[in-house]
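# Coordinates in review
As a plain string of letters, each chain reads:
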Amino acid sequence: MNRFKQKTVLVTGGTSGIGLAAALAFAAEGARVIVTGRDAAALEKTRAALGANALAIQNTAGAAGAAAALAHALASAGVRLDAVFVNAGIAKFATLTDATEDLWDQTFNTNVKGVYFQLQALDPLLNTGASIVLNGSINAHIGMPASSIYAASKAALISLAKTLSAEWLPRGIRVNVVSPGPVATPIYNKLGLDPATLEKTAASIQAQVPLGRFGTPQEIAATVLHLAARESAFIVGTEIIADGGMSQL
């Protein structure tokens, strides 16, 4: 299929996990793909995998200045965007007792402020009818212990999808959310757990999924592409949950 032939797509946080899977899927369907990330080596490897027309831009999500810098780099390259997958984010957990202001600020700066001001900065570069997909989480819907800050940051994205879609209606720009459940991505290796604890934690989470397994980045990417494509033109300001039934059954 070539749903994105002659289309330009931006994927933030596009060098690993769900972001990388989505970037590769967009490229396979004909898109010119632009990815962002923090690691220069990972960016170059990803750019090579995406083809000759791809761009890879080093950028750190979370600050209005970084958002403006990315938009400036894209504008300087003459880029106009048909779709954006806002994937860059962090997932760190703490109980109410152990939570710190630093954790709150880091989480909301990256997952909410960074997203908001990135979309603001990209606004002039969005083509009429562009599609924005935000990466949410089922944590916004379930009461998982130690996830209060992270869950609140992801709940904010669901609200943004509605309000920003309403603002962008005159230009036909849609904002939607894909909210994954447990997915086998490198983010689990960044939780700071020793291997034995990580394995135990993963087994506990998997046991809560009715399908009995973690999802794959490719499965989430398929939903991202659906929301970004014209086939979903009647889906506006809403959320698709892809969690193997974890929050539904």
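All residue numbers refer to position in the chain's written sequence, counted from 1. Only residues with pLDDT of at least 70 are given local features in this predicted model, and only at 80 or more are side-chain atom pairs given and counted; all residues enter the totals for whole chains, interfaces and linings. To obtain the side-chain values, all non-hydrogen atoms of the structure were included, while hydrogens and water were left out.

Turning our eyes to something else, we now look at the packing of helix H4 (residues 101–122) against helix H5 (residues 148–168). To get an axis, fit a line to the C-alpha atoms, keeping to the stretch in contact for a helix; angles then go from 0 to 180 degrees between the N-to-C directions. Working definition: helices are DSSP H or I runs of at least four residues, strands are E runs of at least two. Numbering for both runs from the N terminus. Running from amino to carboxyl end, H4 crosses H5 at an angle of 15°, the nearest separation of the two axes being 10 Å. When the axis of H4 is compared with that of H5, the two are roughly parallel. Regarding H4 and H5, the two cross each other, and that crossing is right-handed. Across from Leu103, Trp104, Thr107, Phe108, Asn111, Val112, Val115, Tyr116 and Leu119 in H4, the residues of H5 making contact are Ile149, Tyr150, Ala152, Ser153, Lys154, Ala156, Leu157, Leu160, Leu164 and Trp168. For the contact of H4 with H5, the residue count by class is 15 nonpolar, 3 polar and 1 charged. Throughout, the term roughly parallel applies to angles under 35 degrees, roughly antiparallel to angles over 145, roughly perpendicular to angles from 65 to 115, and oblique to all others. Two helices that cross are described as forming a left-handed crossing if the nearer one is turned anticlockwise from the farther one by less than a right angle, and a right-handed crossing if clockwise. Only heavy atoms enter the contact rule, under which two residues are in contact if any of them lie within 4.5 Å. The residue classification treats Ala, Val, Leu, Ile, Met, Phe, Trp, Tyr, Cys and Pro as nonpolar and Asp, Glu, Lys and Arg as charged. All others, Gly included, are polar.

What follows deals with the pattern of salt bridges. The salt bridge definition used is simple: a Lys or Arg side-chain nitrogen within 4 Å of an Asp or Glu carboxyl oxygen. Here the structure, examined in full by the defined rule, presents 5 salt bridges. The closest approach of N and O atoms between Arg3 and Glu231, which form a salt bridge, is 3.0 Å. Here the residue Arg3 occupies a position in the segment before strand S1 (8–12), and Glu231 occupies one in the loop between helix H7 (217–228) and strand S7 (239–242), the gap between them amounting to 228 residues. A salt bridge links Arg171 to Asp123, with the shortest nitrogen-to-oxygen separation between them at 2.8 Å. Remark: Asp123 occurs in the loop between H4 and strand S5 (126–135) and Arg171 occurs in the loop between H5 and strand S6 (174–180); sequence separation between them is 48 residues.

If you check UniProt for "signal peptide" (unreviewed entry), the listed places come out as residues 1–27 in our numbering. Between the end C-alpha atoms of residues 1–27 there is a gap of 11 Å, over a span that is 41% helix and 19% strand. UniProt positions are given in the numbering used here, feature names are shortened, and annotations may be inferred rather than shown by experiment.

Each residue is placed in one exposure class: buried if its accessible area under a 1.4 Å probe, protein chains only, is under 20% of its type's maximum, exposed if it is over 50%, and partly exposed if it falls in between. Burial within S5 is extensive, with 8 of its 10 residues counted as buried. Strand direction decides the pairing type here: strand S4 (residues 81–86) and S5, joined by 5 bridges, are parallel. The partner of Phe85 across the bridge, within S5, is Val133. Following the chain from S4 across H4 to the adjacent parallel S5, one finds a crossover that is right-handed. Following DSSP output, two strands are said to pair if at least two bridges run between them. If the strands point away from the viewer and the path from the first strand over the helix to the second runs clockwise, then the crossover is right-handed.

Grid points spaced at 1 Å over the protein atoms alone were grouped into cavities, where a 1.4 Å probe fits but cannot get out, and pockets, open sets with protein on both sides within 12 Å along at least five of seven lines, with lining residues defined by an atom within 4 Å of a point. Grid points are joined across faces, edges and corners, and a volume is the space filled by probe spheres set on the points. With the rule as written, the count across this model stands at 1 cavity of 30 Å³ or more. As a volume, the largest cavity reaches approximately 40 Å³. Along the walls of the largest cavity sit Val86, Asn87, Ala88, Asn111, Val115, Leu134, Asn135, Lys154 and Leu157, which together make up its complete lining. Looking at the lining of the largest cavity, the elements that each hand over two or more residues are H4, S5 and H5. Residue composition of the lining of the largest cavity, grouped by class: 5 nonpolar, 3 polar and 1 charged.

With that settled, the discussion passes to the layout of surface pockets. Here the second largest pocket defines a volume of roughly 190 Å³. Only S4 and S5 provide two or more residues apiece to the lining of the second largest pocket. For the lining of the second largest pocket, the leading source of residues is S5, giving 4 residues. Taken together, the residues of the lining of the second largest pocket sort by class into 6 nonpolar, 3 polar and 6 charged.

A word on the packing of aromatic side chains. Put simply, two rings from Phe, Tyr or Trp (the six-membered ring, in Trp's case) pair if the centres are within 6.5 Å, and we call them stacked under 30 degrees between planes, edge-to-face over 60, tilted for the rest. Per the stated rule, a full pass over the model turns up 4 aromatic pairs. An angle of 80° between the planes, with centres 4.9 Å apart, marks the rings of Phe4 and Phe26 as edge-to-face. Separated by 22 residues along the polypeptide, Phe4 in the segment before S1 and Phe26 in helix H1 (residues 17–28) bring together distant segments of the chain. Phe4 gets classed as buried once you look at its relative accessible area, which sits at 3%. Between Tyr116 and Phe117, the ring centres sit 5.3 Å apart and the planes meet at 80°, which makes this aromatic pair edge-to-face. Residue Tyr116 is classed as partly exposed on the basis of its relative accessible area of 36%.

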